[in-house]
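Inside the fold
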Amino acid sequence: MKLGIVGLPNVGKSTLFNSLTKAGAESANYPFCTIDPNVGIVTVPDERLKLLGDFYHSKKVTPAVIEFVDIAGLVKGASKGEGLGNQFLANIREVDAIVHVVRCFEDTNVVHVDGNIDPLRDIETINLELVFSDLEILERRIAKVTKTARMDKDAARELDFLTKVKDHLEAGQPAITLELESEDEEGWMSIYNLLTAKPVIYAANVAEDELADDAASNEHVCAVKKYAAEQSSEVFVICAQIEEEIAQLEEDEKKMFLEDLGLTESGLEKLVRASYRLLGLMSFLTSGEDETRAWTIKIGTKAPQAAGKIHTDFERGFIKAEVVNYQDLLDCGSYAGAREKGLVRMEGKEYIVQDGDVILFRFNV
């Protein structure tokens, strides 16, 4: 999974990236300090892995990972080359979802590029730049398809669709809100790789003293939540500064620090949950003496395709999946114990893998 972090300058975007990845992207109180997209790989927190690793005394524990790309602060006119220009928008095209950091805190020591705090205005500024960038992509595609549309029925149909998407964007609506009416339309949309077709998670960046109650009294956060609900997007509340402090601590210190703040999870854990929900993802597990590992798949994936995540041969030669729920396995104290209680099942090609399944695939090639 690859997530792109975007936002206006000085909203806490690079501070959040630093805390998530410990990659040390430069963070400073002036626009455009992030000049190259910073990339960091983050392991997905998953308590189940540690429990299973201890259960099997695994030599290696391998969590799922998320790749974060920190994009330079966008400003009004970015799609036309303002600020550091359109070059960074190309980097966002490669991500699965966009994490849009919006400033919901007041601080006279940190300047706002537009002079005052208004997260909905900030969201609109970024969204418009993404729309303008998408319109450029569409116009180039329209010019190309128009040449063949008179002689080719498929091209003519695509041209009609391109016009529909263009009209939708020109009305100020992101591509993700356009209802696709056929498999062809879904296919074309995926080819265009539009920025506004990507799912969005809003990270509402608040002051430290607002974290404990999830910023319930912060009018800016309430406005962002209302907006996100209308767009079928996810929201999570963070304090980027606190996340950066948490990132410097050891695991046991982190838990104590979070408890002192009245929190049950870190910003990274909130973001992982939000992104998995938004993208319809889950994890199944494989475990044994050599390795315990999490594998990320789409919800609804059948057993052979899940096996293919491990190796294409597993999918090609799939016979059966030996499945047990991780909690059932731990509760029984041994694999043999779970089998005796009938909790280990042999599943076939139509089995839909569930979150937390521990699977041993049987295959023959």
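Residues numbered from 1 in each chain as written. Predicted model: local features only at pLDDT ≥ 70, side-chain atom pairs only at ≥ 80, totals over all residues. Heavy atoms only, no water.

1. Details of the pattern of salt bridges
- The tally for this structure, following the rule as stated, stands at 24 salt bridges.
- By sharing partners, the salt bridges in this structure join D46, R48 and D355 into a single network. (Salt bridge = Lys/Arg side-chain N within 4 Å of Asp/Glu carboxyl O.)

2. A short note on helix α10 (residues 267-279)
- The first and last C-alpha atoms of α10 sit 18 Å apart over 13 residues, in line with the 18 Å expected at 1.5 Å per residue.
- In terms of residue burial, α10 counts as a mostly covered element, since 10 of its 13 residues are buried.
- All of the buried residues along α10 are G267, L268, K270, L271, V272, A274, S275, Y276, L278 and L279. (Helix = DSSP H or I, 4+ residues; strand = E, 2+ residues; numbered from the N terminus. Expected span 1.5 Å × (residues − 1). Buried < 20%, exposed > 50% of the residue type's maximum accessible area, 1.4 Å probe, protein only.)

3. Let's talk about helix α2 (residues 47-56)
- Residues of α2 that are buried: R48, L49, L52, G53 and Y56. In an axial view of α2, the angular spread of the buried residues amounts to 130°, which keeps them on one side of the axis.
- Against the buried residues of α2 lie β3 (60-62), β8 (281-287), β9 (291-298), α13 (326-332), α14 (335-340) and β12 (357-363).
- H57 sits one or two residues past α2 and shows a positive phi near 55°. (Arc of directions from axis to C-beta. Contact = heavy atoms within 4.5 Å.)

4. Describing the sheet that holds strand β4 (residues 65-70)
- Taken together, the 6 strands give an open sheet; going across it, the order is β2-β4-β1-β5-β6-β7, and neighbouring strands pair in mixed fashion. At either margin of the open sheet sits one strand with a lone partner, and together these are β2 (38-43) and β7 (234-238). Between one strand and the next, the sheet's axes are offset by a mean angle of 25°, whatever the strand orientation.
- Packing of helix α7 (residues 219-230) onto the sheet brings it into contact with β5 (97-103), β6 (200-205) and β7, and relative to β7 it is tilted by some 160°. (Pairing = 2+ DSSP bridges. Axes fitted to C-alpha atoms, helices over the stretch in contact; angles between N-to-C directions.)

5. Thoughts on the nonpolar core
- In this structure, F68, I92 and L271 are the most contacted members of the largest nonpolar core, which totals 69 residues.
- Ranked by the residues each element gives to this core, the list is headed by α10, at 7 residues.
- Residues within four places of L271 in sequence aside, it is in contact with L3, L20, F68, V99, I201 and F236.
- The next biggest cluster of nonpolar side chains, apart from the first, holds 18 residues, and it includes L162, A175, M189 and Y192. (Core = buried A, V, L, I, M, F, W, Y, C linked by side-chain atoms within 4.5 Å.)

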